[in-house]
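If you want the building blocks of each chain, they are given just below.
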Amino acid sequence: GAAPSGPQSGPQSGPQSGPQSDALAGAATFQGLVHLTPEAAARIAALPPGAGAAREAIAAALERLRASGLFAQAQALPQPGGRVTFVLRERPLVDEVILDGFENIDVDMLRDALNVQKGAHFRADDVDRDRRGLRAIYTSLGRPAFAMEIFVGERPEGRAAVLYRADEGPVAQVRDIRFVG
């Protein structure tokens, strides 16, 4: 299933103190949280006390939320009375990293070298860095035909599994060495 795209309500799993995903943090309300608490989101936003709905303070808080890398989407909706509602969509948490077809390399070392890690929020740019890094490792090991597919499977409750499936390819062999001169 797809990740939630809007505000959540009703009972949810995760580290929340109440049955709803919105909670008041000073002049701000946070909606759409799955794993983070509203207090944690408020710390990231760092809205100054009494900032209310000042346009500059909201813009800076929104930028801090986006820069954290924890949210796939973040928007701010000014409310009457100097309040603001931040509507957020968290990136899914990686709950499993699967390595398939990696037979000629230390899988534990490889797992430690990956950017995508179990328990971290999923980011597509981490997958891209892993793709380039693994290609470089296998090329340096004499396997220029290395090929890989990466699959991301969304799971319930804002979680994801990432599968790295490798075809290591044959080891490159030197056929001939010629010395001239």
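Quick look at the structure, then. (Residues numbered from 1 in each chain as written. Predicted model: local features only at pLDDT ≥ 70, side-chain atom pairs only at ≥ 80, totals over all residues. Heavy atoms only, no water.)

## Some thoughts on the overall build of the chain
Working step 1: Across its full length, the chain carries four helices and seven strands.
Working step 2: When the elements of the chain are put in sequence order from the N terminus, they spell out β-β-α-α-β-β-β-α-α-β-β.
Working step 3: Scored against the burial criterion, the 181 residues of the chain give a buried share of 35%.
Working step 4: Pairs at least 24 residues apart make up 48% of the contacts formed inside the chain by residues separated by at least 6 positions.
Working step 5: Counting every atom, the chain has about 10500 Å² of accessible surface; 52% of that belongs to carbon and sulfur. (Helix = DSSP H or I, 4+ residues; strand = E, 2+ residues; numbered from the N terminus. Buried < 20%, exposed > 50% of the residue type's maximum accessible area, 1.4 Å probe, protein only. Contact = heavy atoms within 4.5 Å. Areas by Shrake-Rupley, 256 points an atom, 1.4 Å probe, with all protein chains shown as cover.)

## A closer look at the environment of L36
Working step 1: By the secondary structure assignment, L36 is in the loop between β2 (28-31) and α1 (38-45).
Working step 2: We classify L36 as buried; its relative accessible area is 15%.

## Here we look at the pattern of salt bridges
Working step 1: The final tally for this structure, using the stated rule, is seven salt bridges.
Working step 2: Here D100 ties to R165 by a salt bridge, and the two come within 3.0 Å at their closest N and O atoms. Of the two residues, D100 sits in strand β5 (residues 93-100) while R165 sits in strand β7 (residues 159-167), which places them 65 residues apart along the sequence.
Working step 3: Here D100 falls in the partly exposed class, since its relative accessible area comes to 35%.
Working step 4: Here D126 makes a salt bridge to R129, at a shortest N to O gap of 2.2 Å. Separated by three residues within a single helix, D126 and R129 lie in helix α4 (residues 124-140), roughly one turn from each other.
Working step 5: Judged by relative accessible area, which is 10%, D126 ranks as buried.
Working step 6: Bridged by salt links that share partners, the residues R123, D125, D126 and R129 form one connected network. (Salt bridge = Lys/Arg side-chain N within 4 Å of Asp/Glu carboxyl O.)

## Structural notes on a nonpolar patch on the surface
Working step 1: Judged by side-chain polarity, V174, I177 and F179 come together as a nonpolar surface patch covering roughly 420 Å² of accessible area.
Working step 2: Inspection of the secondary structure assignment puts I177 in the segment after β7.
Working step 3: Judged by relative accessible area, which is 62%, I177 ranks as exposed. (Patch = residues over 30% accessible without salt bridge, like charges linked within 9 Å, V, L, I, M, F, W, Y side chains within 5 Å.)

## Looking at the sheet that holds strand β6 (residues 147-155)
Working step 1: Reading across the sheet, the three strands line up as β5-β7-β6 and stay open at both edges, with mixed pairing between neighbours. If you trace the sheet from one side to the other, it starts and ends with β5 and β6, each paired once. On average, each strand axis in the sheet is tilted by 15° relative to the strand beside it, whichever way the strands run.
Working step 2: Contacting β6 and β7, α4 crosses the sheet at an angle of about 155° to β6. (Pairing = 2+ DSSP bridges. Axes fitted to C-alpha atoms, helices over the stretch in contact; angles between N-to-C directions.)

## Here we look at the pairing of β7
Working step 1: As judged from the seven bridges shared by β5 and β7, these two strands associate in the parallel manner. Following the sheet pairing, L93 is matched in β7 by R159.
Working step 2: In terms of strand pairing, β6 meets β7 through nine bridges, oriented antiparallel. Bridging across to β7, G153 finds its partner in A161.

## Section: the packing of α1 against helix α2 (residues 55-67)
Working step 1: Close contact between α1 and α2 brings their axes to 8 Å; oriented N to C, the two are set at 110°. Judged by the angle between their axes, α1 and α2 are roughly perpendicular. Across the interface between the two elements, A41, I44 and A45 from α1 touch A61, R64 and L65 from α2.
Working step 2: The residue inventory of the contact of α1 with α2, partitioned by class, reads five nonpolar, no polar and one charged. (Parallel < 35°, antiparallel > 145°, perpendicular 65-115°, else oblique. Nonpolar A, V, L, I, M, F, W, Y, C, P; charged D, E, K, R; others polar.)

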